[in-house]
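Descriptive analysis of the structure
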Amino acid sequence: MCGILCYLGKRQALPILLEGLRKLEYRGYDSSGLALAENGEIFCQKAVGKIQALENSLAGVQWKGSTGIAHTRWATHGKPSEANAHPHTDCREKIFVIHNGIIENFQSLKKTLLERGHQFRSETDSEVLAHLIEEHYQGDLAEAVRDALGLVEGTYGIGVLSAENPQEIVVARKGSPLILGIGEGEIFAASDVSALVSHTKEVIYLQDDDVAVIHPGGYELSNLNSDSILRQTQKVDWDVAAAEKQGFSHFMLKEIYEQPEAVENAMRGRLIEEEGISKLGGLNGVQDEFLEMERLIIISMGTSYYAALLGRYIIETCTDIAVEVDLASEFRYRKLNMKEGTTVLAISQSGETADTLAAVQEAKRKGALVLGLVNVVGSSIARETDAGVYNHAGPEIGVASTKAFISQLTILYLMTLALARHQRMSLSEGQAFIAGLKLIPDKIRRILESASKIEAIAGRYHGYKNFFYLGRKFNYPIALEGALKLKEISYIHAEGYAAGEMKHGPIALIDENFPSVCLAPRDSAYEKMVSNIQEVKARNGPVLAIGTEGDTELQKICDDFIEVPATDEILQPLLMVVPLQLLAYYIARENGCEIDQPRNLAKSVTVE
Ligand code: F6R
């Protein structure tokens with residue numbers, strides 16, 4: 001979604017802002033813009049499309065100022081256009097505002113402002129902020145920003161620059177991430193660490209209602225009531241290289257290849273083999289409540305939701321805990337009784353997904369213990385939950401989630417082990433579980449070695465317009481995830497189904513132009529999967545099966561076969577998902593799609 005970067009320091013702001021905008025590209029955007037201050041004047045430029053378009057429009061611009069704000073916009077109110085791109089400005093073109101989030105009461109605010117004679121240039125909700133600040137401006141920019149924000153309902157991360165206060169930038173947040181980066185004689189503010197980590201690793205995660213005034217001497221933090229506040233500086237543990245492609249043609253491919261390490265990193269230091277248990281340090285403070293829970297509700301969206309679905313299967317298989325799974329966006333519509341013994345687990349790679357954050361807040365209101373499984377350290381969901389576990393997957397830049405998913409699954413296995421050992425799993429079963437898990441990274445490496453075979457299969461399948469992905473039991477959520485991967489990066493219609501559901505309707509669609517990707521490892525659902533494959537074949541549907549290494553019987557009944565190493569059936573999803581990610585990747589590449597930034601999608605969905 002939209003990205004923000006502000007810079008105030010001694011260096012020329014323009015190249016720093018452009019480089020930073022490129023780092024934010026992965027979040028998804030459709031236009032961009034920036035404003036630079038120099039000698040009491042402000043230069044503003046916007047462009048529709050890629051950052052390159054903005055850069056082209058700046059050819060020959062000699063603006064040397066060392067203060068500026070920049071933005072990538074993902075359209076919500078109003079189509080992608082220069083007028084709708086940020087920064088937005090007031091009537092006098094003195095105040096420039098960049099905004100992430102949504103101003104929910106913008107219609108009524110705009111109506112009042114229009115009645116007071118303000119002239120609007122865009123269709124956006126964000127523009128009201130510039131006019132509201134103008135209304136309240138009496139020489140003190142921060143004061144005017146606070147007054148304006150006091151009238152606003154909704155979410156925001158903002159950066160404000162004024163021609164009348166060219167030596168400062170005012171930033172503020174509520175419900176939309178904003179991070180201050182503290183460099184040597186320079187300060188950054190960004191919606192995402194990736195935009196500033198190449199300059200500084202000292203950061204402050206702003207919290208809701210925080211306002212920061214950035215000036216040449218440093219920064220001042222206060223709340224909306226002007227009370228000074230202190231926030232701790234933290235060190236980002238990202239390696240800059242982690243946010244670069246390192247020779248891979250796309251971030252997505254690099255991240256698929258990083259999955260063996262993602263599994264290792266998620267397990268590191270969390271397994272005690274002698275005792276056959278896992279220890280999740282982030283849950284220390286709530287250990288008893290966690291282990292004694294009777295009911296677990298897992299909330300999340302998209303790929304993280306499919307991780308949750310698998311979580312239900314594995315926790316219910318190994319424990320007596322009743323597990324429910326809900327799309328976070330639907331959770332609020334349920335009238336749930338969070339009686340004692342209910343734990344809610346929110347899964348989110350970004351930790352900023354608005355639907356999941358709102359569901360976390362609702363669960364907390366109802367008194368549940370709320371845990372997080374989050375990749376981005378310091379993110380809103382990580383902060384708002386009572387306790388939680390970090391994935392340690394490193395930055396995931398490709399919009400389509402891959403390594404974060406596999407590390408979410410890994411942590412769900414670790415949680416399952418902790419809960420199961422507390423209940424009925426024996427020591428030897430716990431040790432066998434750990435032994436199986438520890439072999440997974442090398443088995444993923446073996447699948448990655450067969451990537452060229454999957455690439456060749458993609459060459460045969462990329463022309464189809466529709467796909468089914470079928471699986472059962474532990475691999476049903478993986479079928480859903482495989483279908484999502486294909487549709488989001490290749491724009492091919494793909495539906496994931498529980499294979500048993502096929503003959504209740506969807507099978508009507510099968511013909512020689514409608515292939516099915518069938519997940520059929522040698523597990524307890526194997527025979528039934530084989531029957532489902534036969535049903536598809538009987539209707540001339542092409543079948544690409546993903547099965548266990550050496551399964552020649554399966555190979556004989558399908559058109560194409562991708563083999564994965566055998567493992568315990570409960571762990572099999574960690575292997576099954578990898579060929580599906582590669583298949584989606586190679587089909588999308590074959591079709592010339594923009595893999596890392598698919599159309600209409602955003603990495604972190606900060607609007608509901
Ligand atoms: C798909 C994908 C999305 C996210 C979803 C939730 O590849 O990445 O479906 O999984 O938007 O995002 P997080 O996990 O950040 O809450």
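Parameters at a glance
Residues numbered from 1 in each chain as written. Predicted model: local features only at pLDDT ≥ 70, side-chain atom pairs only at ≥ 80, totals over all residues. Heavy atoms only, no water. Pairing = 2+ DSSP bridges. Helix = DSSP H or I, 4+ residues; strand = E, 2+ residues; numbered from the N terminus. Axes fitted to C-alpha atoms, helices over the stretch in contact; angles between N-to-C directions. Contact = heavy atoms within 4.5 Å. Core = buried A, V, L, I, M, F, W, Y, C linked by side-chain atoms within 4.5 Å. Buried < 20%, exposed > 50% of the residue type's maximum accessible area, 1.4 Å probe, protein only. Domains from an automatic or database assignment. Near = heavy atom within 4 Å. Polar contact = N/O pair within 3.5 Å; in protein donor to acceptor, adjacent residues only side chain to side chain. Areas by Shrake-Rupley, 256 points an atom, 1.4 Å probe, with all protein chains shown as cover. Nonpolar A, V, L, I, M, F, W, Y, C, P; charged D, E, K, R; others polar. Buried area = accessible area lost by both parts, 1.4 Å probe. Salt bridge = Lys/Arg side-chain N within 4 Å of Asp/Glu carboxyl O. Parallel < 35°, antiparallel > 145°, perpendicular 65-115°, else oblique. Phe/Tyr/Trp six-rings, centres within 6.5 Å; stacked < 30°, edge-to-face > 60°. Lys NZ or Arg CZ within 6 Å of the ring centre and 35° of its normal.

Quick notes on the sheet that holds strand S20 (residues 369-374)
Within a sheet, each strand pairs with its neighbour through backbone hydrogen bonds, oriented either parallel or antiparallel. Pairing is parallel across the open sheet formed by five strands, whose spatial order is S18-S17-S19-S20-S21. Because the sheet does not close on itself, it has two edges, and the strands there are strand S18 (322-327) and strand S21 (387-390). Each strand axis lies, on average, 20° off the axis of its neighbour in the sheet, ignoring direction. Sheet contacts for helix H9 (residues 302-318): strand S17 (295-300), S18 and strand S19 (342-348); angle to S18, the most-contacted strand, approximately 170°.

Concerning the nonpolar core
In this structure, Tyr413 and Tyr469 are the most contacted members of the largest nonpolar core, which totals 96 residues. Ranked by residues supplied to this core, first place goes to helix H19 (residues 573-590) with 13 residues. Counting contributing residues, this core receives three or more from each of domain 2 (244-447) and domain 3 (450-608). Look past the residues within four positions of tyrosine 469 in its chain and what remains in contact with it is Ala479, Gly482, Ala483, Leu486, Ala494, Glu495, Gly496, Tyr497, Val517, Leu580 and Leu583. Ranked by size, the runner-up nonpolar core spans 30 residues in total, among them Leu24, Ala47, Ile179 and Trp238.

Description of the site of the ligand
Inspection of the region around the ligand gives 15 residues, with Ser304, Ser348, Ser350, Thr353 and Glu488 positioned closest. Here an oxygen atom of the ligand and a side-chain polar atom of serine 348 are 2.6 Å apart. Backbone polar atom of glutamine 349 to an oxygen atom of the ligand: 2.7 Å apart, as the coordinates give it. In isolation the ligand offers 410 Å² of accessible surface; the protein chains occlude 90% of this area. Counting residues per element, the ones that place at least two in the shell around the ligand are H9 and helix H16 (476-490). For the shell around the ligand, the class distribution of residues is five nonpolar, eight polar and two charged. Among the domains, domain 2 (244-447) and domain 3 (450-608) are the pair contributing at least three residues each to the shell around the ligand.

A word on the domain arrangement of the protein chain
By a frequent convention, interface size equals the accessible area lost on bringing the separate parts together. When the domains of the protein chain are assigned, the result is domain 1 (2-236), domain 2 (244-447) and domain 3 (450-608). Inter-centroid distance (C-alpha atoms) of domain 1 to domain 2 is 34 Å. Taken together, the seven residues of domain 1 in the interface contact nine residues of domain 2. A combined buried area of about 730 Å² lies between domain 1 and domain 2, and 52% of that area is made up of carbon and sulfur atoms. Across the domain 1-domain 2 interface, the total number found is zero salt bridges. One can count two residue pairs in polar contact (both at pLDDT 80 or more) joining domain 1 with domain 2. Along the lines of polarity and charge, the residues of the side of domain 1 that touches domain 2 split into four nonpolar, one polar and two charged.

Details of the sheet that holds strand S24 (residues 516-520)
In space, the five strands of this open sheet follow the order S23-S22-S24-S25-S26, with parallel pairing throughout. The strands lining the two open edges of the sheet, one partner per strand, are strand S23 (493-498) and strand S26 (560-564). Ignoring strand direction, the axes of neighbouring strands in this sheet form an average angle of 20°. Inspection of the sheet shows strand S25 (residues 543-548) paired to S26 by five bridges, in the parallel sense. The partner of alanine 545 across the bridge, within S26, is phenylalanine 561. Set on the sheet, helix H17 (residues 526-537) makes contact with strand S22 (466-471), S24 and S25; between it and S24 the angle comes to about 160°.

Quick notes on the packing of helix H13 (residues 403-422) against helix H14 (residues 427-449)
Helices that pack against each other are described as a pair by the angle of their axes relative to one another and the distance between those axes. Contact pair H13 / H14: the axes reach a minimum separation of 10 Å and the direction vectors enclose 170°. With respect to their mutual orientation, H13 and H14 come out roughly antiparallel. Facing Ile406, Tyr413, Leu414, Leu417 and Arg421 of H13, the residues of H14 in contact are Leu427, Gly430, Phe433, Ile434, Leu437 and Ile444. Looking at side-chain class alone, the contact of H13 with H14 contains nine nonpolar, one polar and one charged residues.

Some thoughts on the pairing of strand S8 (residues 169-174)
Each regular strand carries side chains that alternate between the two faces of the sheet. Summarising burial for S8: five of the six residues are buried, a large majority. Strand direction decides the pairing type here: strand S7 (residues 156-162) and S8, joined by six bridges, are antiparallel. Following the sheet pairing, valine 160 is matched in S8 by valine 170. Following S7, the chain reverses through six residues before pairing antiparallel with S8. Pairing analysis gives five bridges linking S8 to strand S12 (residues 210-215), with the strands arranged antiparallel. Opposite isoleucine 169, over in S12, you have isoleucine 214 as the bridge partner.

Structural notes on the packing of aromatic side chains
The relative placement of two aromatic rings is captured by the distance of their centres and the angle of their planes. All told, the structure shown has 13 aromatic pairs when counted by the stated rule. Judged by centre distance (6.4 Å) and plane angle (70°), the ring pair of tyrosine 313 and phenylalanine 474 falls under edge-to-face. Linking tyrosine 313 in helix H9 with phenylalanine 474 in the loop between S22 and H16, this pair joins segments that are 161 residues apart in sequence. Classification of phenylalanine 474 by relative accessible area gives buried; the value is 2%. Linked through ring pairs, Tyr461, Tyr464, Phe467 and Tyr469 together constitute an aromatic cluster. In this arrangement the basic side chain of arginine 312 is found over the ring face of tyrosine 313, its NZ or CZ atom lying 5.9 Å from the centre. Seen from the ring of tyrosine 491, arginine 599 lies directly overhead, with NZ or CZ sitting 3.8 Å from the centre.

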